[in-house]
Amino acid sequence: MRDRPGVLWLMAAALTALVHPFVPDATWLMVHVVALGGLTHSIMVWSTHFATTLLKDNPDIDVRAMQNRRLVLLHVGILAVLVGVPMTWWWVTLVGAIAVVVAVVWHAWQLGRRLRGALPGRFRIVVHHYLASAAFLPVGATLGVLLARGLGEEMHARLLLAHSLVNVLGWVGITVTGTLITLWPTILRARMDDAAERRARQSLPGLVGGLAIACTGALLGWRWLLLAGVAGYLLSLLWTARSLVAPARQKPPRHFASWSVMAGATWFLVGIGMVAWRVATADDFAAMATGYGRVAAVLVVGFGLQVLTGALSHLVPAVIGGGPRVVRAGIEGFDRLGMARIVIINVPFALALLPVPSGTRVVLAALVLVGLAAFIPILLSTIKRVVAVRKEAALATPEERRAGLEQGRAEAARVLEPPFPRTQLMAGVTLVALALAAGPALRPVLDGGSGTSVTPVAPTGHTTTVAVEAKAEMAFSPSRVEVPAGDRLVITLTNTDGSTVHDLHLDDDTQTPRLTKGESATLDVGIVGADRQGWCSVAGHRAMGMTFDIVVTGAPAAAPAHGPEHAPTQGHDTAGAPPFALQRGATWPEDFEADNAALPPLSDERTHRVTLRVQEIEVEVAPGVTRTRWTFGGSAPGPTLHGRVGDRFVITLVNDGSIGHSIDFHAGALAPDKPMRTIAPGKRLTYTFTAERSGIWMYHCSTMPMSTHIAQGMFGAVVIEPPDLPQVDRSYVLTGSELYPEEAASGEPVATAFNGRAFQYDADPLTARVGERVRFWVLDAGPDGPLSFHVVGGQFDTVWQEGAYRIGGPDEVGGPAAGSQALGLLPAQGGFVELTFPQAGHYPFVNHVMTDAERGARGIVRVH
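First, a word on scope: everything that follows refers to the structure included in this document. (Residues numbered from 1 in each chain as written. Predicted model: local features only at pLDDT ≥ 70, side-chain atom pairs only at ≥ 80, totals over all residues. Heavy atoms only, no water.)

## What about the sheet that holds strand β6 (residues 520–527)?
So, point 1. Across the sheet, which stays open at both edges, the four strands sit in the order β2-β1-β4-β6 with mixed pairing between neighbours. Pairing within the sheet leaves two strands with one partner each, and these edge strands are β2 (475–477) and β6. Across this sheet, the average inter-strand angle for adjacent strands is 25°, counted without regard to direction. (Pairing = 2+ DSSP bridges. Helix = DSSP H or I, 4+ residues; strand = E, 2+ residues; numbered from the N terminus. Axes fitted to C-alpha atoms, helices over the stretch in contact; angles between N-to-C directions.)

## Overview of empty space enclosed by the protein
In this approach, a probe sized like a water molecule rolls over the atoms, and the result shows the empty space that is left.
So, point 1. The tally for this structure, following the rule as stated, stands at five cavities of 30 Å³ or more.
So, point 2. Of the pockets and cavities examined, the largest cavity occupies roughly 250 Å³.
So, point 3. Along the wall of the largest cavity there are 19 residues; nearest its centre are I43, W46, V176, V307 and A311.
So, point 4. Of all the secondary-structure elements, those providing two or more residues to the lining of the largest cavity are α2 (26–55), α6 (153–188) and α12 (293–320).
So, point 5. Around the second largest cavity sit R2, D3, G6, V7, H41, S42, W46, L312, V316, L379 and I383, which together line it.
So, point 6. Looking at the lining of the second largest cavity, the elements that each hand over two or more residues are α1 (4–19), α2, α12 and α16 (375–395).
So, point 7. With three residues, the single largest contributor to the lining of the second largest cavity is α2. (1 Å grid on protein atoms, 1.4 Å probe; cavity = no way out; pocket = protein on both sides within 12 Å on 5 of 7 lines; lining within 4 Å. Points joined across faces, edges and corners; volume = space filled by probe spheres on them.)

## Let's talk about the nonpolar core
So, point 1. L165, L169, W171, L226, Y233 and F268 are the most contacted members of the largest nonpolar core, which has 128 residues in total.
So, point 2. The residues contacting Y233, other than those within four sequence positions of it, are L169, G173, I174, G206, L207, G210, L211, F268 and I272.
So, point 3. Among the nonpolar cores identified, the runner-up in size contains 50 residues, and V468, V538, L641 and L653 belong to it. (Core = buried A, V, L, I, M, F, W, Y, C linked by side-chain atoms within 4.5 Å. Buried < 20%, exposed > 50% of the residue type's maximum accessible area, 1.4 Å probe, protein only. Contact = heavy atoms within 4.5 Å.)

## Details of a nonpolar patch on the surface
So, point 1. A cluster of nonpolar residues, V83, M87, W89 and V92, forms a patch on the protein surface that exposes about 350 Å² of accessible area.
So, point 2. Inspection of the secondary structure assignment puts M87 in the loop between α3 (64–84) and α4 (90–117).
So, point 3. M87 gets classed as partly exposed once you look at its relative accessible area, which sits at 44%. (Patch = residues over 30% accessible without salt bridge, like charges linked within 9 Å, V, L, I, M, F, W, Y side chains within 5 Å. Areas by Shrake-Rupley, 256 points an atom, 1.4 Å probe, with all protein chains shown as cover. Salt bridge = Lys/Arg side-chain N within 4 Å of Asp/Glu carboxyl O.)

Structure below.
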């Protein structure tokens, strides 16, 4: 329980880093696997070890079996949190957080018992640091649970800042600060600074107070208070860090353990500085939280993970014990390629934080991962070697032990004072240089450039380099570039749009990767001799005018370089599936099950908390026709929400897609600026509204081009019942929509559907019984076509359209004999109709715009 869980968490972190492109919320997961998993486990284990060693109290206090039970509770809680948050199972998250808090409070209580039972002595202040850090963990866990619950954008940003500061600077930072008072000189085998204990006592109130002030400032939204708290914490940290300088001067770091701890401490200061800079310069709290992943990476990977690996490299051989030979074996094991690992972790990590091209950043990140992951096999093999050496020593005769002890001391002295590993340093620097060179060298693969000429023109030997920005206005800047004939053209594209991804696709099918805000990619067009055209291939962006023209000057008239087979087509989007058409005669299989059209039951809750995850999934939208659909919650249309007038809806939108998306609820009235903004992949927002008026209201993605996003499946219905709505026997929800041959909605649709799939209720009919009263809630999601809902063989005695009864209702509008044959709706309009089926049979329902009915917007009600 001391060593293995920590190793498993490190392995899980490495695995998550490898598969992160395929894992939702991968950045959040990687951060919490390291911080909540590996670091928290190690803090629980090693703070107990240091408290026991420093206090020298009764060993019966907090026996090993009790510690193991506490660790089991901790890991069960961590697993629940790591599952609950990505799956949006809030109660699982809550239970997991409670388990983690109980384990940490239990741990702190046992540390307090040790402290009270110990005799007066030096460095009790270290245990005071542990108790102070433990006090922050329940606060951080509470903030994390609230974040998972879903709040408005501004409050989410405040909670995120407070949560990260309390957990990383409090739970982890104060623990590390207290531990290094004694551990750092021990690692260096140097004399401790005489003022270390005094400075630690002086700085602890500043650390606790500064962090408490910063947390309060973040929660209240007071920038100046937050900045003052961070500054106070940093000053207190620097004050106690003075005690680490003298030991390093006596004996400079010579081993991986000391190098890794020193690198981690440096990144800790850098991370705090990054937080302070964000707080001081950001426009608002939402801007402070935007792009916070880099700060998290610095604090968790640069600081936390490197301090952990450095500390374990020293502590593991020490606690295994066995004399100088064991110590030598442990040091030699952990020092394998030590300086090279330090270089390939820290130098690429620093470079990757700079605005380097995306391909180069990928190679640098891979190098960092290799350096960090190498610790796992080195740890396991070193433990195995140290245990073997200890067993050999235990089986030796007394004479062999004395001789081995003398030899071990001599060899240990040599190992403890090794020469500086210049060869490893140069090896690490060489690997970094190769990584920097590999990014441009692999550009045809990573950035999509061909680097070859497709036009017979004499090369000039000159290269024209152009910097292009993809802007939020759905435009390239510049959108046109002139290039002398025969020049090689190199385009560097940078995405400055924080709401979505962009790329540049040329008419010969070379293109950059899709870039998020701040990322850059280089496209080597090659030698150009004729005009070329490019565009953003994200669905709909080209139709919005996001095109790029390459104009060649000084060239004779010639055919287009791309040739007729590559001639651009208006409205074409390369990102999607090929055009489709309904397959004549195709039918759904006999075992086909249509999507459930029943209206979800109305619950007693007056506050509805819903998480909608944007997902791109393959859906069979018509018999034999599969398309990639952009969905809310894994279905197109998204889930139907059901409530009453006055109900409050708290919607958390999580973008697990590949481009920017947003959401617009017609059921609520509020300023659209923030809740309806487009969020980039991997981001989330909270949209809160109160349903003040009844109706069947549309919700949809409002990212431009809106027609494309709606046509791709990003729509759904919110049913808010009118007051005193009579009960009926059955209620169905039918949302009409259109399917287009391309991702962009243009021209005539090739299919239409109720609830997202053509003809599905022909194959699997809705049901009713003779004499039952059936209500159909109907919404026209469009994006373009009207809907005329009609039930063949039926007559509507109640029609409610866009907020009012047209026929029937409590006031019997139109009189008791009034009836209706169709509910006519324009896009984004909705209503309901009611009827009673007089006889058993099969009653078709259709969109009576008959071409649309023939394209798929029809179904059957089977009446028994």
